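Spelled out from the first residue to the last, the chains are:
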Amino acid sequence: VQLVESGGGLVQPGGSLRLSCVASGFTFSTYVMRWYRQAPGKERELVATITSGGGSTNYADFTKGRFTISRDNAKSTVYLQMNSLSPEDTAVYYCYASHQYSSGYYWGQGTQVTVSS
């Protein structure tokens, strides 16, 4: 089982990034997917959630309409489009898979996002 994130990097304030998380080793379409983030010295926090079929999404208030979560079940991939980034968005971003009916879950290894001029 693997969740492999990519797309992180250094971006200037106001810029955009698109994170990807490719899943393998499990039936992706039966898992709710989430993005979390953890900034230095802070607890990990939930960013966004998308249901297994992609029909419903939910966002943390701090995303303020700047972030969009989506998924492509045919590609076993979940995305996080992040726009209007600010230094406060600097963190390691993790994808997380949880089965829609059981207690199974998986974490990715994380991808660093740094917003700085």
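Quick notes on the rules
Residues numbered from 1 in each chain as written. Predicted model: local features only at pLDDT ≥ 70, side-chain atom pairs only at ≥ 80, totals over all residues. Heavy atoms only, no water. Helix = DSSP H or I, 4+ residues; strand = E, 2+ residues; numbered from the N terminus. Buried < 20%, exposed > 50% of the residue type's maximum accessible area, 1.4 Å probe, protein only. Disulfide = S-S within 2.5 Å.

Participant: A description of unusual backbone geometry should follow, citing residues and the corresponding values.
Facilitator: Although it is not a glycine, Lys64 adopts a positive phi angle of roughly 50°. Structurally, Lys64 is set in the loop between strand S6 (57-59) and strand S7 (67-72). For Lys64, a relative accessible area of 69% corresponds to the exposed category. Of note in the backbone geometry, Ser76 takes a positive phi value of approximately 50° without being a glycine. Considering the arrangement of structural elements, one finds Ser76 in the loop between S7 and strand S8 (77-82).

Participant: Could you give me a rundown of the state of the cysteines, with the residues and numbers involved?
Facilitator: Inspection of every chain in the model, using the stated rule, returns 1 disulfide. Between the sulfur atoms of Cys21 and its disulfide mate Cys95 the distance is 1.9 Å. Its S-S torsion of about 45° marks the bond between Cys21 and Cys95 as right-handed, since a negative value means left-handed. In this pair, Cys21 is assigned in strand S3 (residues 17-24) and Cys95 in strand S9 (residues 91-99), connecting sequence segments 74 residues apart. Across the pair, Cys95 and Cys21 agree in class, each one buried.

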